[in-house]
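Okay, here's what each chain looks like letter by letter:
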Amino acid sequence: MPTETRKRILLNGDIDHHHASAMRQNIDAVLCEERPSALELDFSGVTFMDSSGIGLIMGRYRLLNSWGGKLIVTHIPPHIEKLMHLAGLGCLPIFEETVKEGMSYESNQ
């Protein structure tokens with residue numbers, strides 16, 4: 001069985017309509033060059049995200065899925081995690097088990 005090649009990308013700052021396009025282009029350039037079997041988007045440095053960030057996640061999910069790869073979203077700040085849940089991303093297999101177990105915003109409402 002082939003070894004998983006995981007590429008980790010640390011996201012920082014705001015992911016909004018002003019910044020998402022450049023982020024998407026940079027991430028896609030890396031993906032097309034390296035073709036990893038898994039892409040980890042690390043959200044630990046993200047301070048703000050709007051629907052453009054949801055689009056960024058969904059586009060990378062579709063791209064990786066098209067060649068049999070997988071997207072993994074990690075280190076999500078609580079306010080970003082809530083947005084992802086409200087957008088329906090919780091239905092996608094993009095969260096590692098340790099991240100899923102940490103989701104607790106539903107019980108805090």
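Reference entry: report on the structure contained in this document. (Residues numbered from 1 in each chain as written. Predicted model: local features only at pLDDT ≥ 70, side-chain atom pairs only at ≥ 80, totals over all residues. Heavy atoms only, no water.)

### Overview of helix α3 (residues 78-86)
And step 1. Inspection of α3 places Ile 80, Glu 81 and Met 84 among the buried residues, and these make up the whole buried set. Down the axis, α3 shows its buried residues gathered within 105° of arc, on one side only. Set apart from the buried face of α3 by more than 90 degrees, the exposed residues are Pro 78 and Leu 86.
And step 2. Following α3 by one or two positions, Gly 88 adopts a phi angle in the positive range, close to 90°. (Buried < 20%, exposed > 50% of the residue type's maximum accessible area, 1.4 Å probe, protein only. Helix = DSSP H or I, 4+ residues; strand = E, 2+ residues; numbered from the N terminus. Arc of directions from axis to C-beta.)

### Focus on unusual backbone geometry
And step 1. Backbone geometry places Arg 35, a non-glycine residue, at a positive phi of 45°.
And step 2. One can find Arg 35 in the loop between α1 (20-34) and β2 (38-49).
And step 3. Positive phi, normally seen in glycine, also occurs at His 75, with a value near 50°.
And step 4. With respect to the helices, strands and loops of the structure, His 75 is situated in the loop between β3 (70-74) and α3.

### A word on the pattern of salt bridges
And step 1. Applying the stated criterion to the full structure yields five salt bridges.
And step 2. Arg 6 is the partner of Glu 40 in a salt bridge, and the nearest nitrogen-oxygen pair spans 3.4 Å. Linking Glu 40 in strand β2 with Arg 6 in strand β1 (residues 6-15), this pair joins segments that are 34 residues apart in sequence.
And step 3. Given a relative accessible area of 7%, Glu 40 falls into the buried group. (Salt bridge = Lys/Arg side-chain N within 4 Å of Asp/Glu carboxyl O.)

### Let's talk about helix α2 (residues 51-66)
And step 1. With 16 residues, α2 should cover 22 Å at 1.5 Å per step; its first-to-last C-alpha distance of 23 Å lies within 8% of that length.
And step 2. Ser 52, Gly 53, Ile 54, Leu 56, Ile 57, Gly 59, Arg 60, Tyr 61 and Leu 64 are the residues of α2 that are buried.
And step 3. In this structure, the buried residues of α2 make contact with β1, α1, β2, β3 and α3.
And step 4. Among the residues of α2, the N-terminal cap falls to Asp 50, whose side-chain oxygen and the backbone nitrogen of Ser 52 are separated by 2.9 Å. (Expected span 1.5 Å × (residues − 1). Contact = heavy atoms within 4.5 Å. Polar contact = N/O pair within 3.5 Å; in protein donor to acceptor, adjacent residues only side chain to side chain.)

Bear in mind that shape data such as this cannot, by itself, settle questions of function.
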